[in-house]
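# A closer look at the structure
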Amino acid sequence: MKVFISRDIPAQGIELMRNEGLEVTVWKVDRPMTQPELIENAKQSDALLCVFSDKIDKLFLNECRHLKVIAQLAVGYDNIDIDEATRLRIPIGNTPDVLSEATADAAFLLMLAASRKAFHLHKSIIKGEWTFFRPKANLGIELRNKTLGIFGLGRIGTEMAKRCKGAYQMDVIYCSRSRNSSAEELLQARKVEFDELLSQSDVLSVHCSLNETTNGLFNKEAFHKMKRSAIFINTARGTIHNEKDLIDALSERIIWGAGLDVTNPEPMRPSNPLLSMENVAVLPHVGSATIEARNAMSRLSAENIIHGLRGEKLPNIVNPGIYNR
Ligand code: DGY
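Lining the immediate environment of the ligand, one finds F52, A74, V75, G76, L99, R237, H285, S288 and M297. The separation between an oxygen atom of the ligand and a polar main-chain atom of V75 is 2.7 Å. Note that an oxygen atom of the ligand is positioned 2.9 Å from one of the backbone N or O atoms of G76. Protein contact buries 90% of the 230 Å² of open area that the ligand shows by itself. Split by residue class, the shell around the ligand holds five nonpolar, three polar and one charged.

Shown next, in the form of structure tokens:
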């Protein structure tokens, strides 16, 4: 059986699939595929391994309804029309857990970088602006005993909270759809309403999935409810915050700083004002970009494909409902 992979991925997963006797084709051109290219290649395959920027919408799914499995190399799957895939009985797999620590590390890094203006200071050295010691210049803020607010206390949010608790004894509050009792016990975390999360957090870190309720949630109104000294961190999806409102909130000093691994649009334009703000740190959506996490994601995606092509339940299934019918 044939597997098509829409982007070059670490070799471990490809080897697993070849050892299973599968014929694997990888899109090797160094640019994202267009949707017609994706459809054309998926039509000639039994399974698709895709990435979060591929558009797996109604059109794609109906054109490629023959696919026996789609495995996404990511934990997030907002690019996939899950309801339609479920209706067409196509199993969708993802890669949870293995990237939680790497993504939490990125959130922690952005928090520190924003709090100490690290990216801005790095750029200032390149510009020849490191001159002499000024006791009142380049001052950041410390994090010890501050309040960390987590929006979406799942696996990645919990890892971020563990880091902040361990390093700085931060108080943890969170806002999530459901209660996370184990994290509450482990971190003495307290579940709060959204408005309290906004008003109490010194650092507010977003770790939810993108859906209709979270799309654009961090907007002007939300930023205005935050502390003037707060740092906003987003390593989840760029459209969860309104970028124009964030730029305004930072330039009008409604909030203190921001750290972003995700932007809207991606890639961020080099002229984006956020890139020249002192208290802002931006990364190019690299939360899961460690050798360890990407190898594991490659293996997990391959396992989803292998199980799907054997007609077995995927180890990491996003739409388990297809098995109940
Ligand atoms: C994910 O897994 O959803 C990341 O954003 C991509 O690695």
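Right, let's get into the packing of helix α1 (residues 11-19) against helix α12 (residues 291-309). The geometry of α1 relative to α12 is characterised by a closest axis approach of 7 Å and an angle of 25° between their N-to-C directions. Comparing their axes, α12 and α1 come out roughly parallel. Crossing angle aside, the handedness with which α1 passes α12 is right-handed. Along the contact surface, α1 presents Q12, G13, I14, L16 and M17, while α12 presents N295, S298, R299, A302, E303, I305 and I306.

Right, let's talk about the layout of surface pockets for a bit. In this structure, the second largest pocket occupies an estimated 300 Å³ of space. Around the second largest pocket, the lining is made up of 13 residues, and of these L121, E129, W130, F132 and N138 lie nearest the centre. Along the lines of polarity and charge, the residues of the lining of the second largest pocket split into eight nonpolar, three polar and two charged.

The rules behind each value
- Residue indices follow the written sequence of each chain, beginning from 1 at its first position.
- With the structure being a predicted model, the display of local features is reserved for residues of pLDDT at least 70 and the display and counting of side-chain atom pairs for 80 or more, all residues being used for whole-chain, interface and lining totals.
- The side-chain values count all of the structure's non-hydrogen atoms but skip hydrogen atoms and water molecules.
- Residues are labelled near a given molecule or strand when at least one of their non-hydrogen atoms is within 4 Å of it.
- For the purposes of these results, a polar contact is taken to be a pair of N or O atoms within 3.5 Å, where, inside protein, one atom must be able to donate a hydrogen and its partner to accept one; residues adjacent in sequence count only when each atom of the pair is a side-chain atom.
- Residue-level accessible areas treat just the shown protein chains as cover; the underlying method is Shrake-Rupley with a 1.4 Å probe.
- As a working rule, the residues Ala, Val, Leu, Ile, Met, Phe, Trp, Tyr, Cys and Pro are called nonpolar, Asp, Glu, Lys and Arg charged, and the rest polar, with Gly in that last group.
- Fitted lines through C-alpha atoms give the axes, limited to the stretch in contact for helices. The angle between two N-to-C directions lies from 0 to 180 degrees.
- Numbering of helices and strands runs from the N terminus; a helix is a DSSP stretch of H or I covering at least four residues, while a strand is a stretch of E covering at least two.
- Roughly parallel means an angle under 35 degrees; roughly antiparallel means over 145; roughly perpendicular covers 65 to 115; every other angle is labelled oblique.
- Each crossing gets its hand from how the near helix is turned against the far one by less than a right angle, where anticlockwise is left-handed and clockwise is right-handed.
- By the convention used here, residues are in contact when the closest approach between their heavy atoms is within 4.5 Å.
- Put plainly, a pocket is an open set of points on a 1 Å grid over the protein atoms alone with protein on both sides within 12 Å along at least five of seven lines, a cavity is a set where a 1.4 Å probe fits but cannot get out, and a lining residue has an atom within 4 Å of a point.
- Grid points are joined across faces, edges and corners, and a volume is the space filled by probe spheres set on the points.

All we've got here are geometric facts, nothing functional implied.
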